[in-house]
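Listed here are the chains, written in short residue letters.
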Amino acid sequence: PELVKKLSAKRPFNYDEAKVPDYELPDPLRMTDGTKVSSASQWMTKRRPELLEQFRELVYGRRPDTAYQVSFETTETIEDAFDGLATGRSVKATVTIDQRTFSFPFVVFTPNRVAGKTPAVVAINNRYFIPLEKAVSEPDPFWPVKTMLERGYAAATFYTSHVDPDNKNGYDDGIRAFFADGKPPADDAWRSLSAWGWGASRVLDFLSTVSQIEINRVAVVGHSRGGKAAIWAAAEDERFAIAYSNNSGCGGAALSRRAYGETVARITSSFPHWFTPQFAEYADREDELPIDQHEAIALVAPRAVYVASSDEDLWADPRGEYASLVAAAPVFELVGIKSITEETMPPLNSQRIVGQTGYHIRSGGHGLGQVDWDFFIAFMDTVLK
Ligand code: GTR
């Protein structure tokens, strides 16, 4: 059905490497006024803020600067989840502005038998909400909580649509309308991907209240649209130590300029609520974008970035995802961090880890499963422990 949907959609798409347009990527180390960025401090204090603003303006939108409070209520606890391996909690986050409130639920598991502080993983779940009992009784390779706990990681997850409905007509029911007090979004205001990343940051706020969690060692993870949101979450919130983008494709890890598989034209017409209207202006003229997605990855430096592809998920452009990670290397280098520079992709079903960056390509289609998590946990073990 996915394929039929794609074939029947109005706009053509390209799966032919020979038809990828020639392109020149914008230099992440050149200011818009042409100045070359030549020191780590220049990157952190000048260029990075400039790029962040460009991505807000052109791609994901600006988060509101309205003051708000957030509070957390534990609504349910299971102290001996997985035969005593972990404690599970259901938590309700409540955001308050003046007298108005907006709430969303999430779940958190912390390992019981680990001495000292534990790193954690916040998963942006774009598929469904996983209530506490379900997490314990129905193993789910999309979010293998037991595996993470066994490997010494705390694990939290929330459902994207509880923060901002994943629907072009869903604005009124989400956090963005709540902040705007029901007014429609300004052209440069945040869109759903940014709202989901913001949700991950609120889960991180909660984790920072849990003394067992090592707050400097928390990864944000997402698949597909959640993977786009994960990169942006870590760009906006420097508390995240790692961003893992799985099969995120267009508007995520993949270079827009390759226009391979999903394009700016396609994604902005199918999912107008994910991006600012400015992004749609670059439909079929990706080469005029002042930015490209390698620079979104670079915004996470010097923290860690992990990108994963699957060989049949051509819609997400595996080559474009890998090339984008490599194109972020000059930024990692400037800030004194090793990263992947090898231009040839690693062999199928293998992993490459260099410094603070990692990548794998797995056989199979679009999805996040045990194989991906095993690779990713190996990466976390390397960079966090
Ligand atoms: C597709 C969309 C992709 C990706 C995916 C997903 O329909 O074209 O950009 O985000 O959905 O989230 O599974």
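Now for a look at the structure at hand. Keep in mind that what you see is a predicted model, and the values were worked out from it rather than measured.

## Things to note about the overall build of the protein
No. 1: Tallying secondary structure elements over the protein gives 15 helices and 10 strands in all.
No. 2: Computed over the C-alpha atoms, the radius of gyration of the protein is 20 Å, within 12% of the 21 Å expected from 2.2 N^0.38 for a compact globule of 385 residues.
No. 3: Taking the principal axes of the C-alpha coordinates as reference, the protein spans close to 55 × 50 × 50 Å.
No. 4: A total of 385 residues make up the protein; the buried ones form 58% of that total.
No. 5: When contacts within the protein are restricted to residue pairs at least 6 apart in sequence, those whose partners lie at least 24 apart make up 69%.
No. 6: Of the roughly 15300 Å² of accessible surface on the protein, 49% is carried by carbon and sulfur atoms.
No. 7: Across the protein, the mean location of the 41 positive side-chain charges is 1 Å away from that of the 52 negative side-chain charges.

## Points about unusual backbone geometry
No. 1: For the peptide bond that leads from A301 to P302, omega is 5°, which places it in the cis range.
No. 2: When you line up the elements, P302 lands in the loop between α12 (293-298) and β8 (304-310).
No. 3: With phi around 45°, N247 is a residue other than glycine that occupies positive phi space.
No. 4: As for its position among the elements, N247 is in the loop between β7 (242-246) and α10 (264-270).
No. 5: By relative accessible area, which is 0% here, N247 ends up buried.
No. 6: Although it is not a glycine, N349 sits at a positive phi angle of roughly 60°.
No. 7: Tracing the chain through its elements places N349 in the loop between α14 (329-334) and β9 (350-354).

## Some words on helix α9 (residues 225-236)
No. 1: Counted at 1.5 Å a residue, the expected span for α9 with its 12 residues is 16 Å, and the 17 Å between its end C-alpha atoms agrees.
No. 2: Buried residues dominate α9, accounting for 11 of its 12 residues.
No. 3: Every buried residue of α9 is listed here: G226, G227, K228, A229, A230, I231, W232, A233, A234, A235 and E236.

About the cut-offs
- Residues numbered from 1 in each chain as written.
- Predicted model: local features only at pLDDT ≥ 70, side-chain atom pairs only at ≥ 80, totals over all residues.
- Heavy atoms only, no water.
- Helix = DSSP H or I, 4+ residues; strand = E, 2+ residues; numbered from the N terminus.
- Rg over C-alpha atoms; globule rule 2.2 N^0.38 Å.
- Buried < 20%, exposed > 50% of the residue type's maximum accessible area, 1.4 Å probe, protein only.
- Contact = heavy atoms within 4.5 Å.
- Areas by Shrake-Rupley, 256 points an atom, 1.4 Å probe, with all protein chains shown as cover.
- Lys, Arg positive; Asp, Glu negative; His and termini not counted.
- Charge placed at Lys NZ, Arg CZ, Asp CG, Glu CD.
- Expected span 1.5 Å × (residues − 1).

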